[in-house]
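# Structure at a glance
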Amino acid sequence: MNSLIRGLLAATALASVTTIACAQDVSGVIAGLPTELKAQYDGAPQKVLPSAWDNFTPPSKPWKWCHSESYQGNPWRVTVTKELKRLVDGLIADGTVASFEVSDSNNDASQQINQIRAFIDKKCSIITSIPGSATALDDAIDAAAKAGIPFITAAGSVTSPNAINVDSNYARWGYDMMTAIGKAMPDGGSVLLVEGIAGHPIVVQERQGADKALAENSKLKVSRTVNGNWTANVTKTAVLQAIATNPAPIDAVWTTGSESRVVAEAFAEPAALPR
């Protein structure tokens, strides 16, 4: 998580300078990367483009930092916001930043759009965000860019060319996880898919990777797909319901969140054990 926050901070700094790589052909830059790094762009759903911020000149300090959250309903999201505030407080202390403001749309894309537009009206110097949709926020992000406000995402990329996405290749992650299940079960089996928040960019990308791996392995079958919202109690309830209502055995679980412990607890409960 700390690396995510530091990535946001680094991207904020990079938005104010021109980089040589941004001016080069994108495919050429990726082709020149070491093999291990190049593989991370394989099948990436995020379109890699030259930066729209090459010639950006930041406003005079101190800056007004605004953070647009799409969900604060699980401990990880709350901790991210707290850690970001802690780090920005350090920038406030040295005079780089004047203030820090957070909004939370609670998984309502229309609300997040309105909150972003409110940040624009307040003349924020920068907007960081964990977006709730890959596409719904694009017009608001473009409006921020028109106002000279960089918009930087983490843990969920957007499709606006005016955004700076600090993210991983979640499609590759989803693919690798399902491929590992296939290697562990060479004779095939039934897989329960436990996803996060329905429609979230990460969930969509991870599922794309899983579906690619499933298409390559006809021996693996999906028993059911449930959403745990990346929240422990929601995940456990969803898994217990899937176990109770699924007539066939579940041989493996593919999960996109950090709730592996509660998934294991659900399968260990007496009601989930074979009779």
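Summary of the structure given here.

A word on the sheet that holds strand S8 (residues 252–255). As summarised here, the arrangement of the three strands in space is S7-S6-S8, forming an open sheet in which the pairing is parallel. Since the sheet does not close on itself, it has two edges, and those belong to strand S7 (220–227) and S8, each with one partner. Across the sheet, the mean angle from the axis of one strand to that of its neighbour is 25 degrees, orientation sign disregarded. Two strands pair when backbone bridges link them, and strand S6 (residues 189–195) and S8 are joined in this way by four bridges, in the parallel orientation. Across the sheet, the residue bridging to Leu-192 is Val-253, located in S8. Contacting S6, S7 and S8, helix H8 (residues 170–184) crosses the sheet at an angle of about 170 degrees to S8.

What follows covers the side chain of Thr-231. One can find Thr-231 in the loop between S7 and helix H10 (232–245). A polar contact is formed between the side chain of Thr-231 and the backbone oxygen of Asn-229, at a distance of 2.9 Å. Ignoring sequence-local partners within four residues, the contact set of Thr-231 consists of Tyr-71, Gly-73, Asn-74 and Glu-259.

The next subject is the pattern of salt bridges. Applying the stated rule across the entire model yields ten salt bridges. A salt bridge links Glu-69 to Arg-77; the shortest N-O distance between them is 2.8 Å. For the pair formed by Glu-69 and Arg-77, the shared burial category is buried. Ionic contacts of the salt-bridge type, sharing partners, join the residues Lys-236, Arg-261, Glu-265 and Glu-269 into one network.

The strand order across the open sheet formed by five strands is S2-S1-S3-S4-S5, and the pairing between neighbours is parallel. For this open sheet the edge positions go to strand S2 (97–104) and strand S5 (163–166), each flanked by a neighbour on one side alone. Strand-to-strand twist across the sheet, computed as the mean angle between neighbouring axes with direction ignored, equals 20 degrees. Running at roughly 165 degrees to S2, helix H5 (residues 75–93) makes contact with strand S1 (63–69), S2 and strand S3 (126–130) of the sheet. Contacting S1, S2, S3 and strand S4 (151–154), helix H6 (residues 109–121) runs over the sheet at an angle of about 175 degrees to S1.

A word on the nonpolar core. Counting residues in hydrophobic clusters, the biggest one holds 14 residues, and the most contacted among them are Ile-116, Ile-120, Ile-127 and Ile-141. Counting residues per element, the ones that place at least two in this core are H6 and helix H7 (138–146).

Turning our eyes to something else, we now look at unusual backbone geometry. Here the residue pair Lys-61 and Pro-62 is connected by a cis peptide bond, since its omega of 0 degrees sits within 30 degrees of zero. Looking at the secondary structure, you find Pro-62 in the loop between helix H4 (35–38) and S1. At Asn-107, a residue that is not glycine, the phi angle is positive and equals roughly 65 degrees. The backbone phi angle of Lys-123 is positive, close to 60 degrees, even though this residue is not glycine. Counting through the fold element by element, Lys-123 comes out in the loop between H6 and S3. Among the residues examined, Lys-123 registers a relative accessible area of 67% and is labelled exposed.

Let us look at the packing of aromatic side chains. The geometry of an aromatic ring pair is captured by the separation of the ring centres together with the interplanar angle, meaning the angle of the planes. Counted by the stated rule, this structure contains two aromatic pairs. Judged by centre distance (5.0 Å) and plane angle (90 degrees), the rings of Trp-53 and Phe-56 are edge-to-face. Taking the centre distance of 6.0 Å and the plane angle of 40 degrees together, the rings of Tyr-170 and Trp-173 count as tilted. Here Trp-173 and Tyr-170 lie together in helix H8, a separation of three residues that amounts to about one turn. According to the relative accessible area criterion, Trp-173 is partly exposed, its value standing at 37%. Of note, Lys-61 hangs over the ring of Trp-63, and the distance from its end group to the ring centre comes to 5.6 Å.

Calculation rules
Residues numbered from 1 in each chain as written. Predicted model: local features only at pLDDT ≥ 70, side-chain atom pairs only at ≥ 80, totals over all residues. Heavy atoms only, no water. Pairing = 2+ DSSP bridges. Helix = DSSP H or I, 4+ residues; strand = E, 2+ residues; numbered from the N terminus. Axes fitted to C-alpha atoms, helices over the stretch in contact; angles between N-to-C directions. Contact = heavy atoms within 4.5 Å. Polar contact = N/O pair within 3.5 Å; in protein donor to acceptor, adjacent residues only side chain to side chain. Salt bridge = Lys/Arg side-chain N within 4 Å of Asp/Glu carboxyl O. Buried < 20%, exposed > 50% of the residue type's maximum accessible area, 1.4 Å probe, protein only. Core = buried A, V, L, I, M, F, W, Y, C linked by side-chain atoms within 4.5 Å. Phe/Tyr/Trp six-rings, centres within 6.5 Å; stacked < 30°, edge-to-face > 60°. Lys NZ or Arg CZ within 6 Å of the ring centre and 35° of its normal.

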